Amino acid sequence: MKQWIDKLRQERTLTPEEFRQLLTGCDAEILRYINKQAQEVALLHFGNKIYIRGLIEISNCCRNNCYYCGIRKGNPNIERYRLSRESILNCCKQGYELGFRTFVLQGGEDPALTNDQIEMTVARIRQEYPDCAITLSLGEKSREAYERFFRAGANRYLLRHETHNEEHYRKLHPEEMSLKHRLQCLQWLKEIGYQTGTGIMVGTPGQTLTHLVEDLLFIEQFQPQMIGIGPFIPHHDTPFGTDPAGSVGMTLKLLSLFRLM
């Protein structure tokens, strides 16, 4: 297994079976070895600095009804809100004074937040903070909308694909949502010129090792500039509210594998 880890660090890829073995067969010694190799790679690229992002949750209203998500359209037990442009700009002002140089506008796919409004908000932030990165995480949009936000000054876009397996995607999302469209949005973002992020939740209901290997191979092929990864956390007001949470250990192992990739 150490040979596979060394191979991954050197060649940045493994066969599907080698990935599967690393996900299932690690004892404590091998896990320490993976983590040590990944730490060395991270220090080589970034040093020991911590890069802080100013995350602004601009809305918890959403048109979608994803079965795992607490802000899903079908949840009546949540107090909804959306921030005004002035509130968002005030967050940026406070963050900038505190030393933040990346602002992330994140929210559900809120029908009331029109493309015009998002474009104007991004343009204001870009005008007032020309030295800052602007990241958006606002879900699936049209290519035209992504292009407008990019021209207004957005640099980065995070859109987690959640799972690359069609059958598993269907288990997590209602019928009107489409894995094919999600992947198309990611492709548009890269073509437009965004630093593009994707990623997964670890331990979602129905997820198998085969699914995780598919995700590793997709992310290797897609070559995103950012990877968002974290364990599934059940929310009580969703159909998966009584399912077990995802494994933190598996999440950390995958994080090390992604760093080596």
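Note that residues are indexed from 1 along each chain, following the sequence as it is written. Thresholds applied to this predicted model are a pLDDT of at least 70 for local features of residues and 80 or more for the giving and counting of side-chain atom pairs; totals over whole chains, interfaces and linings are not thresholded and use all residues. Hydrogen atoms and water are omitted, and side-chain values are computed over all heavy atoms in the structure.

**Q** What am I meant to see in helix α8 (residues 179-192) here?
**A** Helical periodicity: at 3.6 residues per turn, an α-helix aligns residues three or four positions apart in one direction. With 14 residues, α8 should cover 20 Å at 1.5 Å per step; its first-to-last C-alpha distance of 20 Å lies within 8% of that length. Exposure is judged per residue with a 1.4 Å probe applied to protein chains only, and the accessible area is read against the type maximum: over 50% gives exposed, under 20% gives buried, and values in between give partly exposed. Secondary structure is summarised from DSSP: a helix means a run of H or I of at least four residues, a strand means a run of E of at least two, and numbering begins at the N terminus for each. Those residues of α8 that sit buried are L179, R182, C185, L186, W188, L189 and I192. Any pair of residues with heavy atoms lying within 4.5 Å of one another is described as a contacting pair. In this structure, the buried residues of α8 make contact with α6 (143-152), β4 (156-158), α7 (166-172), β5 (195-202) and α9 (209-222). For α8, the N-terminal capping position is held by S178, with its side-chain oxygen 3.2 Å away from the main-chain nitrogen of K180. What a helix is expected to span follows from its residue count: subtract one and scale by 1.5 Å. We define a polar contact as two N or O atoms separated by no more than 3.5 Å, with the added condition that, inside protein, one atom must be a possible hydrogen donor and the other a possible acceptor, whereas residues neighbouring each other in sequence contribute only through side-chain atom pairs.

**Q** How should the sheet that holds β5 be read in this particular structure?
**A** Sheet strands line up and pair through hydrogen bonds in the backbone, either parallel or antiparallel. The six strands lie next to each other as β1-β2-β3-β4-β5-β6, forming an open sheet whose pairing is parallel. Two strands close off the open sheet at either side, each with one partner strand: β1 (54-59) and β6 (226-231). Strand-to-strand twist across the sheet, computed as the mean angle between neighbouring axes with direction ignored, equals 20°. Between N-to-C directions, angles cover 0 to 180 degrees, with each direction set by a line fitted to C-alpha atoms, over the stretch in contact for helices. The strands touched by helix α5 (residues 115-128) are β2 (102-107) and β3 (133-137); relative to β3, the strand with the most contacts, the crossing angle is about 160°. When DSSP locates at least two bridges between a pair of strands, those strands are taken to pair.

**Q** Help me understand the side chain of N165 in this model?
**A** Tracing the sequence through the fold places N165 in the loop between β4 and α7. Residue N165 is classed as buried on the basis of its relative accessible area, which comes to 14%. Of the polar contacts made by the side chain of N165, one reaches the backbone nitrogen of H168; its length is 2.9 Å. With residues up to four places along the chain from it excluded, the contact list for N165 reads L179, H211 and E214.

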